[in-house]
Amino acid sequence: EHSAPGAIVEDKAFKAQKKRVMKIIDRWVKPMGLGWWRITWVWDRESKHGADNSEFYTVAECAVNWQYKDVTITVYLPQVTEIKDDDRLEWAIVHELMHILVAQMREAAAGEWSKHEERVCSDLASSFIWIRQHAERQTKKTKKGASAVA
């Protein structure tokens, strides 16, 4: 079940969902090397249909002015509210951050670039998250090994 178009997030939910997303932003923006980009986050209280007015709703969308390292990412809080799994939300936000890295390819691409870019951003988001998870597991193993030696 999805929030109806035009669904509005009330103040308490707005703050809670924004906090969830901010935690992800803090975790990813600088480690991805995006700290030197000017990223504006827009917090929208209303739902938005996905591409082609499909049955899916957009969690977030990224508008990149890559020549000037200027980005606006709009987060649709009704959809954030529906994502109960924090790992899935993290993936959605990291996916949007990947658009920053690949946006300049659009101008060189002929034909239907949008679906290709979405796939590349999806694969990159998954890869980056897998790398983070692997690093966290390795850190835990190292700490366990160090405490056993001590």
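So, how was this worked out
Residues numbered from 1 in each chain as written. Predicted model: local features only at pLDDT ≥ 70, side-chain atom pairs only at ≥ 80, totals over all residues. Heavy atoms only, no water. Pairing = 2+ DSSP bridges. Helix = DSSP H or I, 4+ residues; strand = E, 2+ residues; numbered from the N terminus. Axes fitted to C-alpha atoms, helices over the stretch in contact; angles between N-to-C directions. Contact = heavy atoms within 4.5 Å. Salt bridge = Lys/Arg side-chain N within 4 Å of Asp/Glu carboxyl O. Buried < 20%, exposed > 50% of the residue type's maximum accessible area, 1.4 Å probe, protein only. Phe/Tyr/Trp six-rings, centres within 6.5 Å; stacked < 30°, edge-to-face > 60°. Lys NZ or Arg CZ within 6 Å of the ring centre and 35° of its normal.

### Side note on the sheet that holds strand E3 (residues 70–76)
Part 1 of the argument: On the basis of which strands lie adjacent, the open sheet formed by three strands has the order E1-E3-E2 and mixed pairing. Two strands bound the open sheet, and with one partner strand each, they are strand E1 (38–44) and strand E2 (60–65). Averaged over all adjacent pairs, the angle separating strand axes in this sheet is 15°, with direction ignored.
Part 2 of the argument: Sheet strands in contact with helix H1 (residues 11–28) are E1 and E3, and its direction is about 155° off that of E1.
Part 3 of the argument: Strands E1, E2 and E3 of the sheet are contacted by helix H3 (residues 86–102), whose axis makes an angle of about 15° with E2.

### With respect to the pattern of salt bridges
Part 1 of the argument: One pass over the structure, following the stated rule, counts eight salt bridges.
Part 2 of the argument: Across the salt bridge formed by Arg20 and Asp86, the nearest N and O atoms sit 2.8 Å from each other. Within this pair, whereas Arg20 is found in helix H1, its partner Asp86 is found in helix H3, the two being separated by 66 residues in sequence.
Part 3 of the argument: Exposure remark for Asp86: the relative accessible area of 48% places this residue in the partly exposed category.
Part 4 of the argument: Salt-bridge contacts for Arg27 lead to Glu136; the nearest nitrogen and oxygen are separated by 2.9 Å. Of this pair, Arg27 sits in helix H1 while Glu136 is found in helix H4 (residues 114–149), placing the two residues 109 residues apart along the sequence.
Part 5 of the argument: A single network of salt bridges, built from pairs that share partners, joins Arg27, Glu90, Arg132 and Glu136.

### Focus: the packing of aromatic side chains
Part 1 of the argument: Enumeration according to the criterion identifies three aromatic pairs in this entry.
Part 2 of the argument: With a centroid separation of 6.4 Å and an interplanar angle of 45°, the aromatic rings of Trp28 and Phe128 are classed as tilted. Remark: Phe128 occurs in helix H4 and Trp28 occurs in helix H1; sequence separation between them is 100 residues.
Part 3 of the argument: Among the residues examined, Trp28 registers a relative accessible area of 5% and is labelled buried.
Part 4 of the argument: Judged by its relative accessible area of 28%, Phe128 falls in the partly exposed class.
Part 5 of the argument: Over the face of the ring belonging to Phe14 we find Arg45, whose NZ or CZ atom lies 4.1 Å from the ring centre.

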